[in-house]
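# Fold and geometry: a report
One letter stands for each residue in the lines below.
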Amino acid sequence: MVTQYDHLDEIRSECQSLQEEEYQVLESIFPDFISYDEPGRTLRIEVPIELDNAQEVSIVNEADDSDHPPQCLTLATLPPLLLHIALPVNYPLEVPPNILSIHATHSWLPRLGLRSALIRLWSLGQPVLYDWIELIRTGAFLNDIKVIELIRTGAFLNDIKVTSSNHIRIPHPMPHLLAALLKNHDHSMKQENFLLTPYSCSICLAQYKGAKCAKLMCGHVFCRSCLLDFWGLCITEGDVDRVGCPDPECVKEGHKAMEEDVARIVSESDLVRWRWLREKQALERDPNVIHCPVECCQTPVPKPPTAEGDESGWTRLRTCQKCSFSFCSFCKRTWHGPITTCPISITETFVLEYMALLPGSPEREKFEKRYGKVMLSRLVAKYEEDQLNKKWLDASTMACPGCSVNVEKSLGCNHMTCAKCKQHFCYRCGTKLNPSNPYSHFSISGQRCFNKLFDFMQGEDDGWQPIEGFEFL
Amino acid sequence: MDARLRRVNKEIADCKNDKTSNIRIELIDESPFHLKGSFPGPQGTPYEGGNFEVDIVIPESYPFQPVKMKFITKVYHPNVSSASGAICLDILKDAWSPVLTLKSTLISLQSLLCSPEPNDPQDAEVAKHYTTSKSSFEETAVYWTQIYAGGPGAKKSKESASASVARDEVAMAGLDHAHVRRFVGLGFEQGKVIDVLRRLNYRGKNIHNIPDDKVVEELLKP
């Protein structure tokens, strides 16, 4: 009897020293995971789960309830497991640790054989806690308890397409609730990790903790102060194209910054200006956009989609969405209807500009996009015709000084009476004549048109002088 | 101390400590924003053996705006102006990134010497020479490296250098002595002949495209 007690004492003291040794080792390796309850000889081990790579996780309702569709997400971490363990006096020589409870944060872990998987890991006489922690930390236990399924890539699992072969499948009655919790946890773990990791900013060449840095969408990390300086300068100078990741590769590929990135770096006013610059740039790229002619408005007005393909006068109509001003896109004046031509011959300016451009040049195409090709060719034809008309009018007619109508004299004397407004005028110089005595303009010596009641083109009707003859009669 | 000064100081210190890259950055005067960089010509190129100096001006908003660099040493290269040393390199313009440093930019210049881009030339005449006859271009580039960058064979005595001034200029322009002599023989001044032949790219296969009449016509222009 005595020897048996001695033997037990021996085992107990050996176990105690083994347990102390094990605890010290664990504490030095995982200082944050483990805490010891001395009086009750119980241990609390809280193990966060860090998967090797981000893995696909699907959360399914086993009851196949259509109200709770399965959720699929990609995670690199899972919420920690809390093990509450009692170490028997004869652990590890004779018995495994006694698992009092296993609790998963957010209760995400299905109640499946983790406990027995852990016990199986213990072999007689060997301390096992390190192996347990590693089994949980790396997520390898998920294999043992059949939460990880090896599925052929591309297969469908509860209507979700599987793209990686290691698939974690968690049964849960409320998939969408758990999905949100797991996602949040994963995000905050990443965030925490980022904040504590030191990064070297390749702009100011200094090292900062992640808390002072920003990781851009492309994955490059810079210190916030440098990004603020860089983007702030670009935004101030209106160089919106350069607001992007400063990494040379990203610069060469012309990667622009995403709005989320810009929003968390620059000031509110710079963000507003950045948005405005981008909008302006996008609109300026579109040749169809015309700025509202109201001076205090200037809002860009795009071509209405209905105008596409339409070549009638209605295509000239634009209505500003901000101030509701309706105007003609050609002359930028108040809308004058689809038929009336522009009150001021504004078209002439841009038709000339258009004709000066080489056919097929990008500028010419821009014009054609803005005003319509058919419309332009019609305008060009009209312009050319107008030019010929004008030439002819200048050469062969005189405008009535009363109503500006052009009058062509086919024959007769230079005293004209306008058929439209009855104004009397001199066809030679356009002066208004007194209707009671229109001929004094031609008969008083010293007047501009003295003796010029009749004049003929050089060589025309030579020798035929009916006037003189008429006078003689 | 502002961020620009802090960064430039770091860059200069970093370059001093780096013995492997062979890139050197020195102050020209008191200002840390006007510097002189230098690097050896890359091996296996006509610039091998030369030491190339670069004028560096650091702008107000560095590193967010590109550093201004031009060659102090004369370089015969399609992307470097043979007259001013101005450099045509994308990272000195729109492909600049604030991550690039003086050292990395100088290394880029060094590799520009290895890989000329005649389709995007800074010096059109040199680029034409390069595309007409690469071997003739390389001879001239080697010659310039000797004369200006202290390349191999540059250590000539003063008298022999001055005695061969005329020959130097023909080689420097990348022209054939026989061609120059032929037009000088017609009674034209050598300087003018060199100038015209260089402008016309009178080299390699290209000489068949240029009739003598054309050359004479150019020579007769005041």
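The rules behind these values
Residues numbered from 1 in each chain as written. Chains lettered and ligands numbered in written order. Predicted model: local features only at pLDDT ≥ 70, side-chain atom pairs only at ≥ 80, totals over all residues. Heavy atoms only, no water. UniProt positions renumbered as here; feature names shortened; annotations may be inferred. Helix = DSSP H or I, 4+ residues; strand = E, 2+ residues; numbered from the N terminus. Contact = heavy atoms within 4.5 Å. Areas by Shrake-Rupley, 256 points an atom, 1.4 Å probe, with all protein chains shown as cover. Buried < 20%, exposed > 50% of the residue type's maximum accessible area, 1.4 Å probe, protein only. Axes fitted to C-alpha atoms, helices over the stretch in contact; angles between N-to-C directions. Parallel < 35°, antiparallel > 145°, perpendicular 65-115°, else oblique. Nonpolar A, V, L, I, M, F, W, Y, C, P; charged D, E, K, R; others polar. Phe/Tyr/Trp six-rings, centres within 6.5 Å; stacked < 30°, edge-to-face > 60°. Lys NZ or Arg CZ within 6 Å of the ring centre and 35° of its normal.

- Chain B is annotated in an unreviewed UniProt entry as UBC core domain-containing protein of Hohenbuehelia grisea.
- Of chain B, the UniProt comment under Sequence similarities (unreviewed entry) reads exactly: "Belongs to the ubiquitin-conjugating enzyme family."

- For chain A, the name recorded in an unreviewed UniProt entry is RBR-type E3 ubiquitin transferase, with Hohenbuehelia grisea as its organism.
- We quote the UniProt Pathway (unreviewed entry) comment for chain A here in full: "Protein modification; protein ubiquitination."
- Comment text from UniProt for chain A, heading Catalytic activity (unreviewed entry), reads "[E2 ubiquitin-conjugating enzyme]-S-ubiquitinyl-L-cysteine + [acceptor protein]-L-lysine = [E2 ubiquitin-conjugating enzyme]-L-cysteine + [acceptor protein]-N(6)-ubiquitinyl-L-lysine."

### Points about the overall build of chain A
- If you tally the helices and strands in chain A, you get 14 helices and 20 strands.
- Long-range contacts, defined here as pairs at least 24 residues apart, represent 48% of the contacts in chain A between residues at least 6 apart.
- On chain A, roughly 28,000 Å² of surface is accessible, and the fraction owed to carbon and sulfur atoms is 53%.

### Quick look at the environment of Ala395 of chain A
Residues and elements named next belong to chain A.
- Summarising the element assignment, Ala395 is placed in helix α12 (residues 373-396).
- By relative accessible area, which is 64% here, Ala395 ends up exposed.
- Once the C-alpha coordinates of Ala395 and Glu408 are considered, the two residues, 13 residues apart in sequence, prove to be 9.9 Å apart.

### Considering the packing of helix α3 (residues 124-132) of chain B against helix α4 (residues 134-149) of chain B
Residue and element names in this part refer to chain B.
- Relative orientation of the contacting elements α3 and α4 amounts to 130°, with a least axis distance of 5 Å. Relative to α4, the element α3 is oriented oblique. Seen from α3, the contacting residues are Val126, His129, Tyr130 and Thr132; seen from α4, they are Lys134, Ser136, Phe137 and Thr140.
- Looking at side-chain class alone, the contact of α3 with α4 contains three nonpolar, four polar and one charged residues.

### As for the packing of aromatic side chains
- Evaluated as defined, the whole model comprises 16 aromatic pairs over all chains.
- Relative to Tyr199 of chain A, the ring of Phe194 of chain A lies with its centre 5.0 Å away and its plane at 35°, an arrangement referred to as tilted.
- The buried category is assigned to Phe194 of chain A, whose relative accessible area is 10%.
- The interplanar angle of 45° and the centroid separation of 6.1 Å between the aromatic rings of Tyr62 of chain B and Trp96 of chain B together place this pair among those described as tilted. Of the two residues, Tyr62 of chain B is situated in the loop between β3 (51-57) and β4 (68-71) and Trp96 of chain B in the loop between β4 and α2 (102-114); the sequence distance between them amounts to 34 residues. Comparing Tyr62 of chain B with Trp96 of chain B, the two get one shared label, buried.
- An aromatic cluster is built from Tyr76, Tyr130, Phe137, Trp144 and Tyr148 of chain B, whose rings are joined through pairwise contacts.
- The positively charged end of Arg316 of chain A is found above the aromatic ring belonging to Phe330 of chain A, 5.7 Å away from the centroid.
- A cation sits over an aromatic face here: Lys74 of chain B above Tyr148 of chain B, 5.7 Å from the ring centre.

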